[in-house]
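Commentary on secondary and tertiary structure
Take a look at the letters that make up each chain.
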Amino acid sequence: MNRNPVPEFAVLGHPNEGKSSVVSTLTEDDSVIISPTPGETRKCRSFPVFIDEKEMIRFTDTPGFQVPQKSLEWFRKYTGPANEIVQRFILENKNTNDFQDECELFSPIARGAGIIYVADGSRPVRRDDRAEMEILRLTARPRMAIINSKDKQADYSEDWKHEFRKNFNIIRVFNAHNAAYTERIALLTSLRGIDQEWEAALDDVIAAFRMDWSRRNHLTAGLITDLLTTCLTFSTTLTISGRASEDEEKERLQNTYKKELLAFEKKTHEKIRKLFKHNVFHIEFPPHSVLTEDLFSEKTWQLLGLTKGELVAAAAAAGGAAGAIIDVAAAGHSLGLFAAIGGAFGAGSALLGSRKIARTKVIGLSIGGYQITVGPNRNMQFMYILLDRALLYYSQVVNWAHGRRGYPEIQRDMLNMKNEKQGFTSRMPNESKQVFQFFFQEMQKKDLIRQELARKKVHETIKVFLDGPIPRSGGPGHQSGIDP
Ligand SMILES: Nc1nc2c(ncn2[C@@H]2O[C@H](COP(=O)(O)OP(=O)(O)OP(=O)(O)O)[C@@H](O)[C@H]2O)c(=O)[nH]1
Ligand SMILES: [Mg+2]
């Protein structure tokens, strides 16, 4: 048999069990056609996984078995050389009408692919399934069975496991709709045990997958650092020569300022989405997610960022450490409040829950007219909110399995829940918060060397966070990983 140097696994099973969904999730390829109509996949199609332009592994989607019992009869009667059973089946039956789908689905096995058999653990095992499993046993190819339960309410997985034990070397639960990076690595690790011949190649695949993930997290941390830098330093200026109303012009410029920041944030999120290969199916957020809200909306400011107490503590610590007095002009509040909390000026308007995030300066010009400047931002809470939104977005992206194509009905209205902070930053350890404080302060100043140092520290802190176990949701306001 001519074994391909790249490990290949054919994903087989009954129609509509989720084979294509499993392939899509495993290969992080959302171009795989998935449909509720049984018999959607009619032809085998291989989905290679490339890392650094090198093909590492290949999963082949196949049509479902159509006549498993009839095929089993043929397999049982076969008396030729054992290692040629699949090739002989195809040779003998390819020009008949009876076994068209079977000839197609066996083709990757005939060329040496390993087998991943997919079964829906939420339905009982039937006679056809037993026939399919027995056929696969008779191929004598390395094989693993996975349970992909489509319905969480019904569970026949113990019955399936019982059947699987008779026919497969390895059994795993793998849900095409919920599996994330960790589950993909776990599945590949199990595949190592399927055949000794593939162990070394699969070790390489796993190492490459891990490195690639770390690289993506590194790039994401860089994108988020750039987002924070841009949003904290950006300002926009307009010179008005005529007699236009100052208030109207101010409002217009403030809107432009917000639009620019929103556009930059959106672009950053899209780059993150692309890094994690969500190219075709555009991830949308569940209706209750705080991320469906605008960056400047009241809900966003209520649910994300730090609490008032945390902001005061952070500002006090930062002020104490660096002796910095953070611009209070932008805060839009009475200085008295800050005097009362010991000069911790940094918390800005966030303490008052205000979203007046940027200073608007109007300067009269000697030649007539005036100049309006909006920004840069001087509100520390704004940084934490941007950070929270980016982290929540990331969490949604990495927990959204590529094989999943839509949302289940969700009854609960999460946004009406109590007003607790629901992002990640509020739960961040103090050492991390200090890094962001330092960064915030440096962005207000002009020392480029210190700014670069602050950026580097922020980058590292975000990377460590992304490398850690990312919860499926950032809290009840996000719930990205809700199961049907
Ligand atoms: N809830 C849920 N639905 C799933 C899961 N896996 C697959 N489905 C759904 O089941 C249906 C069939 O999925 P496919 O992946 O197209 O199944 P298939 O085995 O490739 O089907 P054929 O190509 O027709 O043989 C689709 O509507 C999927 O969205 C799962 O883990 N959970
Ligand atoms: Mg299919």
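Just above, that's the structure.
An account of the accompanying structure is given in this report. Computed from a prediction, not measured in an experiment: that's the story for all the values here.

Focus on the packing of helix α8 (residues 196-233) against helix α9 (residues 246-275)
Packing of α8 against α9 brings their axes to within 10 Å, and their N-to-C directions diverge by 180°. As judged from the angle between their axes, α8 and α9 are roughly antiparallel. On the side of α8, the interface is formed by R216, L219, T220, L223, I224, D226, L227, T230 and C231, while α9 contributes Y257, L261, F264, E265, T268, K271, I272 and L275. Its residues placed into classes, the contact of α8 with α9 shows 10 nonpolar, three polar and four charged.

Some words on the pattern of salt bridges
Where charged atoms of side chains with opposite charge meet at close range, the side chains can pair. Scanning all chains against the criterion turns up 27 salt bridges. For D101, the salt bridge identified is with R42, shortest N-O distance 3.3 Å. Of this pair, D101 sits in helix α4 (residues 100-110) while R42 sits in the loop between α1 (19-27) and β2 (45-51), and the two are 59 residues apart along the sequence. Take D101: its relative accessible area is 12%, and that puts it in the buried class. A salt bridge links R389 to E265; its shortest N-O distance comes to 2.6 Å. Taken together, the positions of R389 in helix α13 (residues 380-399) and E265 in helix α9 put the pair 124 residues apart, joining distant regions of the chain. Just as R389 is buried, E265 falls in that class too. Within this structure, E28, R184, D212, R215 and R216 form a network of salt bridges that share partners.

Section: the environment of F9
On the secondary structure map, F9 appears in strand β1 (residues 8-13). The exposure class assigned to F9 is buried, which follows from its relative accessible area of 0%. With 182 residues separating them in the primary sequence, F9 and L191 have C-alpha atoms 9.5 Å apart. Not counting chain neighbours up to four residues away, the residues in contact with F9 comprise I57, R58, F59, T60, A113, G114, I115, I116, L191, I194, W198 and L202.

Things to note about the site of ligand 1
The immediate surroundings of ligand 1 are formed by 23 residues, with K19, S20, S21, G39 and T41 found nearest. Taking S21, its side chain carries an N or O atom lying 2.5 Å from an oxygen atom of ligand 1. Here an oxygen atom of ligand 1 sits 2.7 Å away from a polar atom, N or O, in the main chain of G39. In the complex, the protein chains occlude 91% of the 650 Å² of accessible area that ligand 1 would expose alone. Residues belonging to the shell around ligand 1 are distributed by class as follows: six nonpolar, 13 polar and four charged.

Calculation criteria
- Residues numbered from 1 in each chain as written.
- Chains lettered and ligands numbered in written order.
- Predicted model: local features only at pLDDT ≥ 70, side-chain atom pairs only at ≥ 80, totals over all residues.
- Heavy atoms only, no water.
- Axes fitted to C-alpha atoms, helices over the stretch in contact; angles between N-to-C directions.
- Helix = DSSP H or I, 4+ residues; strand = E, 2+ residues; numbered from the N terminus.
- Parallel < 35°, antiparallel > 145°, perpendicular 65-115°, else oblique.
- Contact = heavy atoms within 4.5 Å.
- Nonpolar A, V, L, I, M, F, W, Y, C, P; charged D, E, K, R; others polar.
- Salt bridge = Lys/Arg side-chain N within 4 Å of Asp/Glu carboxyl O.
- Buried < 20%, exposed > 50% of the residue type's maximum accessible area, 1.4 Å probe, protein only.
- Near = heavy atom within 4 Å.
- Polar contact = N/O pair within 3.5 Å; in protein donor to acceptor, adjacent residues only side chain to side chain.
- Areas by Shrake-Rupley, 256 points an atom, 1.4 Å probe, with all protein chains shown as cover.

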